[in-house]
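Observations on the three-dimensional arrangement
So you can see what is in the structure, the chains are spelled out below.
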6 protein chains.
Amino acid sequence: MARSDGRAPGALRPVVLEAGFARHAEGSCMARFGDTHVLCAATIEERVPPWLKGRGRGWVTAEYGMLPRSTHTRTDREAARGRQSGRTQEIQRLIGRGLRAVTDLEALGERQIRIDCDVIQADGGTRAAAITGGFVALHAALAGRGPGGAPLLRDHVAAVSCGVVGGVALADLDYGEDSAADADANIVMTGAGALVEVQAAAEGAVFSRAAFDRLLDLAGACVAELVGLQKAALGLDR
Amino acid sequence: MARSDGRAPGALRPVVLEAGFARHAEGSCMARFGDTHVLCAATIEERVPPWLKGRGRGWVTAEYGMLPRSTHTRTDREAARGRQSGRTQEIQRLIGRGLRAVTDLEALGERQIRIDCDVIQADGGTRAAAITGGFVALHAALAGRGPGGAPLLRDHVAAVSCGVVGGVALADLDYGEDSAADADANIVMTGAGALVEVQAAAEGAVFSRAAFDRLLDLAGACVAELVGLQKAALGLDR
Amino acid sequence: MARSDGRAPGALRPVVLEAGFARHAEGSCMARFGDTHVLCAATIEERVPPWLKGRGRGWVTAEYGMLPRSTHTRTDREAARGRQSGRTQEIQRLIGRGLRAVTDLEALGERQIRIDCDVIQADGGTRAAAITGGFVALHAALAGRGPGGAPLLRDHVAAVSCGVVGGVALADLDYGEDSAADADANIVMTGAGALVEVQAAAEGAVFSRAAFDRLLDLAGACVAELVGLQKAALGLDR
Amino acid sequence: MARSDGRAPGALRPVVLEAGFARHAEGSCMARFGDTHVLCAATIEERVPPWLKGRGRGWVTAEYGMLPRSTHTRTDREAARGRQSGRTQEIQRLIGRGLRAVTDLEALGERQIRIDCDVIQADGGTRAAAITGGFVALHAALAGRGPGGAPLLRDHVAAVSCGVVGGVALADLDYGEDSAADADANIVMTGAGALVEVQAAAEGAVFSRAAFDRLLDLAGACVAELVGLQKAALGLDR
Amino acid sequence: MARSDGRAPGALRPVVLEAGFARHAEGSCMARFGDTHVLCAATIEERVPPWLKGRGRGWVTAEYGMLPRSTHTRTDREAARGRQSGRTQEIQRLIGRGLRAVTDLEALGERQIRIDCDVIQADGGTRAAAITGGFVALHAALAGRGPGGAPLLRDHVAAVSCGVVGGVALADLDYGEDSAADADANIVMTGAGALVEVQAAAEGAVFSRAAFDRLLDLAGACVAELVGLQKAALGLDR
Amino acid sequence: MARSDGRAPGALRPVVLEAGFARHAEGSCMARFGDTHVLCAATIEERVPPWLKGRGRGWVTAEYGMLPRSTHTRTDREAARGRQSGRTQEIQRLIGRGLRAVTDLEALGERQIRIDCDVIQADGGTRAAAITGGFVALHAALAGRGPGGAPLLRDHVAAVSCGVVGGVALADLDYGEDSAADADANIVMTGAGALVEVQAAAEGAVFSRAAFDRLLDLAGACVAELVGLQKAALGLDR
């Protein structure tokens, strides 16, 4: 099965990570995975959530939103409905867990970093773009803020969506592919190749262990490539 | 590392599935995984959600709740706070997807089955118990309702939580083990052994592909055992 | 008019009060009035509501909920609707007032006892069962906590619903009787036979003072019996 | 114990029922019980609530509110808090039940009458004033609307609050008396002297059956007087 | 075009400002502009909003509401809908800004004055009546409370609505005129004739600068007259 | 007083209107007024709000939001707070009224156009940018959709903010100027120079009629320039 843009099954769409996009944020990144554009902005707050007070540790959390007309047909504005959807909450919890997994919360001290991920345009894979771009925003915000200049992040973290479409395992699904997928997965991994989070779901058909293994393989290669792009965007040695 | 109740790493807690527990429901099951007790009740509604009207297909959805004092320390009542938490929404979406994966929604016709999963007592693994018991409630509710008596469910579905605790892969974590886990996973599978849903997350430490593979192995064995218990509870030939 | 289960007009259904039902609560009771089953759980909090701070007194409050499928037809989950109904609020205020009426709030000190009453199965009279079982949970939670071992509860409190059905005064209405009642009343009394709360309402027809007096008579006898059952459940001398 | 305004224990405060107060409503009444002033306004809607559609019957419902500064110290505006309190809901349910008890809902047909009761100034007994004035508003709104000119109301309904203060049974408590009461009751009765609703609660001390009987006696006399005032306000023969 | 009540284009309706209307408030005024009646009540709170704490300054804020049946057809109760409308919020922000513009917030110290403006009956121009009456309530509440007896208000503030109806500029529109207006404006001015707030909107047709200038002229004359009435209501020298 | 960027008092910041920015919308425009960037997207819905059904007319409405980190310090996400602020509602009502003033709602027929205005970056004047860019989005969405190809828009509409800063009237305030303004105004006008909406408020000091007249003069010139830019962005003859 040929992909509509001619990509190989394991290939990412053209990915552009533009650090410093948001003028006012402590760190930011516009993450573009093809036609999916997610603006990630980091805010440093000199306080922690109430339940964490006095423990000497920091916190990283994320919020996620979509512009109403980022989607093919308009999506209701959550602020107008007065409630974030279950999907939104699931996604922002995923992003937060992923970024915390590589952050040294003890060294961060009693500060909270809040990462806002807003989808300006959607074409599949927004949560993977949010995690990948959110890491860049977080890294930029924390640069030079560790005690004695020590790094506050232990490793990179990035994510990719994969899925089984027409029996074939594909990486970085666009919206059309995602809609046609029998199963899809969001896989979050570190620069060192460890797993941080795996969320796989049967959409149209249950899937075999073998198919799932193939998705994990594809993800590993994609995340390695994304980590390279993060380093370039941040001006780090690769 | 010995488990507090002496179980083998891959062993389930004592599991009891009591079908027909709720007097008024069309189908029900009290699912007990050790000290975790979840009451699952199925309601058949002769209508579908608005977005599905007129398409000739049915729907299965789930709601999840915890009694405030099902937990060690009291959990605020969500009805009093006026909002279901992100965790609750995530869990009920997971249960719904899992049960839909084995339901023939076309044959069901324009009906919605709603599965209420209420945690009476919690000791880890409530979402796995909810899916496993929810299937029994769903099966009981749908018995004999297919067109021409044809079955409306294509297969069984059951779930188990697994995790890495102190470097060891364990199945069916209790609350104490779950709190100490470096990584945990909820794995939903069919009677035929296919994957329906995998949700794995690093809690304290990222995890290797090899550790993850081990969790998937444990889950496969446990789900096979749970499917056997479902059949017994429903009075089906094994 | 014969009652469907052959009871005498003034007779209670079989009542079972099972103390200690909830593993994690400081005190608990599963109260079964026939097919009405209410799980009552007490939580001790070492703080009082904001408006009571610094006054050296404690508080007892109650929350009430119904499992969605505790009822003949499913009742929407209040957490999902984002709002407790007027009926729910009325009931939990009633339970709280009833339990506070026998509690020595000064001796309790700056602590709040929260009684969660959750209807597992409903067949009429849930609020009476909640008060009667809630007292057992409260008593169990407070045992031995008074200053110098002094009791924190001044008396027992229990409740029963009564009503006029087909012109006859009946005690402890089940759901079918309640639906057919012209008038019904919930009457809360102490072990010493004093009144704590009376709520009577014309449902289908207004009622005479004489009929109302008869309901109060029936309630007095039932509450005396319920207090005896509370003592037995708590292992107290009768 | 002398009452601050010199009233006899069973005497009402000066009561003024001013029909037609609200220019735009189909029926209205400003009910003044001493310094308690409640504006009651009836609206006729040519439709019934969804759950009553197609049954050929009507409905009467009530809403209740207090102006924020109707009270000695300011009460938060419920519209600003985004939620009606339990007390408000309890009161509006009570008013609605009381008015429905004397309305011929079959003859009313598929129409809903909504009675808004807004407290302009509060000095105790607002719910009794609301029921008593609400009846006048309802009567005025329904005049001449029955089929063939037949009356839609079967009888009058009025209410009074009573309580035990310092061991003495008193009728129509003002705010100061209400705050000092050991027990208080709201009693709703018809013109014929039948009971519609009784709500009695121990505030500071439980109460005896004898004391409760005395409150019911006082209420009977007061309601008879209030019904006379309703007739005068409506220009009916007494 | 003749006005229905024969007023000249620039004339106010009969305006009555009745100070001291609300028994419990620190200051109050029933403001009647023809058939529009707004009850304004001031509450002094010995604290400021959180964002103003510790700055040594006070605050004046307003809340606005309409009784459901103040209007020709019933308006839903905002407390029942659980949300204040955009219109309500816009109006209460307008009232608050208008009153703050003449208050010496530094001299007021860390106190908040809350002005509740509740529409008892509506016939156009409720926000102008609320500002004009709200000033009287505020003035009465603050009398003698300035440091060393110094005045806390720098000037009067009052408001009027004006509009273009059938091509003619009219002052103080009633409901019928307002509904027919091509453009309308609410203009808030001080006793010295300075502008505080101008809100003008095309309703049916855009409007010329010349027409707008004419509205401002009318407003100036009306506000001067309203300020005279405020002084009379407060017993101040004119 | 020199402006920080050297602009003349009546000069706009560099304004760029980029039509077609949003890939999925029926019409869109990124409106940049200096560092203020607002993305405006039009959605055509083939239905009208319930209150307008069956009247043969259409509707134009707007929604407004700010990305949390569009501002210097982070603004809470309204979807997370579950409520749009009064400011947000005021702004979206203003945008909607402004755009409706130039739309032929009869010719539009029973369709609703929804204009989403999302602030990507804020530096003062966001509502003026939203109206100016919203018109471009609306025009693009409606092109060729009138009956018989007739235009659905009667004129252009655009807006600018003006204010008095340090005694000088300035056009198109940036955030720093806005914060220092004694008075500010948002003025919405048509291509023909008629007024659509004027909202002026004293911030630090009340303002004279003469100062206000000067603001209106400045606005007229700016809006004329903005209309020219709209025409260029839409490829219309000027």
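Per chain, the residues get numbers from 1 upward, laid out in the order the sequence is written. Chains carry letters from A onward and ligands carry numbers from 1 onward, assigned in written order. Given that this is a predicted model, residues contribute local features only at a pLDDT of at least 70 and side-chain atom pairs are listed and counted only at 80 or more, while totals for whole chains, interfaces and linings are drawn from all residues. Hydrogens and waters are ignored; side-chain quantities use all the structure's heavy atoms.

Residues and elements named next belong to chain F. Each helix is a run of H or I in the DSSP string that is no shorter than four residues. Each strand is a run of E no shorter than two, and both are numbered from the N terminus. Each helix should span, by expectation, one fewer than its residue count multiplied by 1.5 Å. Along its 17 residues, helix α4 (residues 126-142) runs 24 Å from first to last C-alpha, staying within 8% of the 24 Å computed at 1.5 Å per residue. Counted residue by residue, α4 has 16 buried out of 17 residues, so it is predominantly covered. Among the residues trailing α4, Gly144 stands out with phi positive, at a value near 75 degrees. Burial status follows relative accessibility: with a 1.4 Å probe on protein chains alone, a residue under 20% of its type maximum counts as buried, one over 50% as exposed, and anything between as partly exposed.

Contacts are residue-level and defined by heavy atoms, with any inter-residue pair within 4.5 Å sufficient. Taken together, the 36 residues of chain A in the interface contact 36 residues of chain F. Simply put, the buried area is the total loss of 1.4 Å probe accessible area from both parts when two parts are fitted together. Summing both partners gives a buried area of about 2700 Å² for chain A against chain F, and 50% of it is carried by carbon and sulfur. Salt bridges are counted wherever a side-chain nitrogen of Lys or Arg sits within 4 Å of a carboxyl oxygen of Asp or Glu. Where chain A packs against chain F, one counts 14 salt bridges. Between Arg74(A) and Asp116(F) there is a salt bridge, and its shortest N-O distance comes to 2.6 Å. Polar contacts here mean pairs of N or O atoms no more than 3.5 Å apart (in protein, one a potential hydrogen donor and the other a potential acceptor; neighbouring residues in sequence count only if both atoms are side-chain atoms). The tally of links between chain A and chain F comes to 23 residue pairs in polar contact (both at pLDDT 80 or more). Sorting the residues of the side of chain A that touches chain F by element identifies β3 (36-45), β4 (59-66), α1 (78-81) and β5 (112-121) of chain A as the ones contributing at least two each. With 6 residues, the top contributor of residues to the side of chain A that touches chain F is β5(A). Side-chain classes follow a simple rule in which Ala, Val, Leu, Ile, Met, Phe, Trp, Tyr, Cys and Pro form the nonpolar group, Asp, Glu, Lys and Arg form the charged group, and the remainder, Gly included, forms the polar group. Residue composition of the side of chain A that touches chain F, by class: 14 nonpolar, 9 polar and 13 charged.

Bringing the side chain of Glu45(C) into the picture now. All names here are of chain C. Structurally, Glu45 is set in strand β3 (residues 36-45). Relative accessible area serves as the criterion here: at 10%, Glu45 is assigned to the buried category. At 2.8 Å, the side chain of Glu45 forms a polar contact with the side chain of Arg114.

What follows deals with unusual backbone geometry. In the Ramachandran plot, Asp172(E) falls in the positive-phi region, its phi being about 50 degrees despite a non-glycine side chain. By secondary structure assignment, the location of Asp172(E) is in the loop between β7 (168-171) and α5 (175-180).

This next bit is on the sheet that holds strand β5 (residues 112-121) of chain E. Residue and element names in this part refer to chain E. Two strands pair under a simple rule: DSSP has to find at least two bridges between them. Read across the sheet, 5 strands follow the order β1-β2-β3-β5-β4 without closing on themselves; strand pairing throughout is mixed. The sheet is open, and its two borders are formed by β1 (15-19) and β4 (59-66), each paired with just one other strand. Adjacent strand axes in the sheet meet at a mean angle of 15 degrees, parallel and antiparallel pairs treated alike. As paired strands, strand β2 (residues 27-33) and strand β3 (residues 36-45) are joined by 7 bridges and run antiparallel to one another. Residue pairing in the sheet places Gly27 in a bridge with Ala42 of β3. Lines fitted to C-alpha atoms define the axes, with helix axes restricted to the stretch in contact, and inter-axis angles between N-to-C directions lie between 0 and 180 degrees. Against the sheet, helix α4 (residues 126-142) contacts β1, β2, β3, β4 and β5, and its axis sits at roughly 35 degrees relative to β3.

Our focus in this paragraph is the packing of aromatic side chains. Two measures describe an aromatic ring pair: the distance that separates the ring centres and the angle between the ring planes. Put simply, two rings from Phe, Tyr or Trp (the six-membered ring, in Trp's case) pair if the centres are within 6.5 Å, and we call them stacked under 30 degrees between planes, edge-to-face over 60, tilted for the rest. With the rule as written, the count across this model stands at 15 aromatic pairs over all chains. Judged by centre distance (4.9 Å) and plane angle (85 degrees), the rings of Trp51(D) and Trp59(D) are edge-to-face. Owing to a relative accessible area of 49%, Trp51(D) belongs among the partly exposed residues under this scheme. Residues Phe212(E) and Phe212(F) carry aromatic rings whose centres are separated by 5.8 Å and whose planes lie at 70 degrees to one another, so their mutual orientation is edge-to-face. Here Phe212(F) lies in helix α6 (residues 209-234) and Phe212(E) lies in helix α6 (residues 209-234), a pairing that spans two chains. Pair check on accessibility: Phe212(E) and Phe212(F) agree, each one buried.

For the rest of this paragraph, the subject is the pattern of salt bridges. Overall, the coordinates contain 150 salt bridges over all chains when judged by the stated rule. The salt bridge partner of Arg74(A) is Glu63(F), with a shortest N-O separation of 3.2 Å. With Arg74(A) in the loop between β4 and α1 and Glu63(F) in strand β4 (residues 59-66), the pair connects residues from two separate chains. For the salt bridge of Arg74(C) with Asp76(C), the shortest nitrogen-to-oxygen distance reads 3.7 Å. Classification of Arg74(C) as buried rests on a relative accessible area of 14%. Because the salt bridges share partners, they merge into one network encompassing Glu45(A), Arg47(A), Glu63(A), Arg114(A), Asp116(A), Asp118(A), Arg74(F), Asp76(F) and Arg77(F).

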